[in-house]
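Here is how the chains run, residue by residue.
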Amino acid sequence: MAEDIEKSEAVDQEATQIVEAGKISQWLAENGFEHESLEADHLGVEMIKVESDYLLPIATALYAYGFNYLQCQFAYDSGPGQDLVSAYHLIKVSDNADRPEEVRLKVFLPRENPRVPSVYWIWKTADWQERESYDMFGIIYEGHPNLKRILMPEDWVGWPLRKDYISPEFYELQDAY
């Protein structure tokens, strides 16, 4: 019985473990930006959870703070029935940096209506990356100047990288001229 209680307490401690805010998260908090710190990745890159409504103000502030390069925008599916995630890996590029500062923003979106503002107007490199996330996961990037499929045919039905995607029974072969 005592062992069960100890195991239960250990599980509760793991579940309620507090993530220490990193340098960028602290800066955002000091400047009144609403967000949540997530655990750093395996390389120590700070990760920050942002609500969709706050993405553009936070992204603009980070750009002004020196994060002038969007290295990668990507999306992933958390699992059948769970959220889709749109993520942004930002780097502060400068002349004398041996190891530039990095941060990753994550926006968790409901799979029924995954909409998030486009960051194309802040970082032009988001153009094709947001289009790929739209094409593979169905995330709508509001305000994107040319949001259309980039890998799949325009008439393709569904979002192939969602974990609940069901492949069609056949694929129509195209003439390869």
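These numbers come from a predicted model, not from an experiment.

*Asks:* Any chance you could explain the overall build of the chain here in plain terms?
*Replies:* The secondary structure content of the chain amounts to four helices and seven strands. Along the chain, helices and strands appear, N-terminal first, in the series α-α-β-β-α-β-β-β-β-α-β. Here the chain, with 177 residues, has 34% of them falling under the buried criterion. Taking the intrachain contacts of the chain between residues at least 6 apart in sequence as the baseline, contacts between residues at least 24 apart amount to 54%.

*Asks:* Would you mind going over the side chain of arginine 131 with me for this structure?
*Replies:* The topology assignment puts arginine 131 in helix α4 (residues 126-137). No salt bridge forms around the buried arginine 131; measuring N to O, its nearest opposite-charge neighbour aspartate 127 is 4.9 Å away. Those residues in contact with arginine 131 that sit more than four places away from it in its chain are His144, Asn146, Leu147, Lys148, Arg149 and Ile150.

*Asks:* What exactly am I supposed to notice about the pattern of salt bridges here?
*Replies:* Pairs may arise between side chains of opposite charge once their charged atoms sit close together. As enumerated under the stated definition, the model contains eight salt bridges in all. For arginine 149, the salt bridge is made with aspartate 135, and the minimal N-O distance between the two is 2.5 Å. Here arginine 149, found in the segment after β7 (140-142), pairs with aspartate 135, found in helix α4; they are 14 residues apart in sequence, far enough to count as distant. Among the charged side chains, a salt-bridge network with shared partners connects Lys23, Lys92 and Glu101.

*Asks:* Looking at this structure, how should I read the sheet that holds strand β3 (residues 69-77)?
*Replies:* Working definition: the strands of a sheet are paired by backbone hydrogen bonds and lie parallel or antiparallel to each other. The strand order across the open sheet built from five strands is β1-β2-β5-β4-β3, with neighbouring strands paired in mixed fashion. Edge positions in the sheet fall to β1 (36-38) and β3, since each has one partner strand and no second. Taking each pair of neighbouring strands and ignoring which way they run, the sheet shows an average axis angle of 25°. Here eight bridges tie β3 to strand β4 (residues 84-91), and the two strands are oriented antiparallel to one another. By the bridge assignment for β4, cysteine 72 is matched with histidine 89. Along the sheet, helix α2 (residues 23-30) makes contact with β1, β2 (46-49) and β5 (102-109), crossing β2 at roughly 40°.

*Asks:* Sorry, what's going on with the environment of valine 157 here?
*Replies:* With respect to the helices and strands, valine 157 occurs in the segment after β7. Residues valine 157 and serine 167, 10 residues apart in the sequence, show an inter-C-alpha distance of 9.8 Å.

*Asks:* Mind showing me how you'd approach the confidence of the model for the chain here?
*Replies:* Detail in the predicted coordinates should be disregarded across regions flagged by low pLDDT. Per-residue pLDDT for the chain averages 88, and the proportion of residues at 70 or more is 86%. Overall, residues 10-15 carries pLDDT values under 50, and its contacts beyond four positions in sequence, including any with other chains, amount to zero contacts.

Conventions used here
One numbering rule holds for all chains: residues counted from 1, following each sequence as written. This being a predicted model, a pLDDT of at least 70 is required before a residue's local features are given, and a value of 80 or more before pairs of side-chain atoms are given or counted; all residues contribute to the totals for chains, interfaces and linings. Side-chain calculation: all heavy atoms of the structure are included, whereas hydrogens and water are not. Labels follow the DSSP assignment, with helices taken as runs of H or I lasting at least four residues and strands as runs of E lasting at least two, numbered in each case from the N terminus. For every residue, the accessible area (1.4 Å probe, protein chains only) is compared with the maximum for its type, and the residue is labelled buried under 20%, exposed over 50%, or partly exposed between those bounds. Here, two residues are considered to be in contact whenever any of their heavy atoms come within 4.5 Å of each other. Charged-residue counts in this description rest on Lys and Arg as positive and Asp and Glu as negative, His and the chain ends being excluded. By definition here, a salt bridge exists when the distance from a side-chain nitrogen of Lys or Arg to a carboxyl oxygen of Asp or Glu is within 4 Å. Pairing between two strands is assigned when DSSP locates at least 2 bridges connecting them. Between N-to-C directions, angles span 0 to 180 degrees; the directions come from axes that are lines fitted to C-alpha atoms, helices contributing only their stretch in contact. Residue-level confidence of the predictor is summarised by pLDDT, bounded by 0 at the bottom and 100 at the top.

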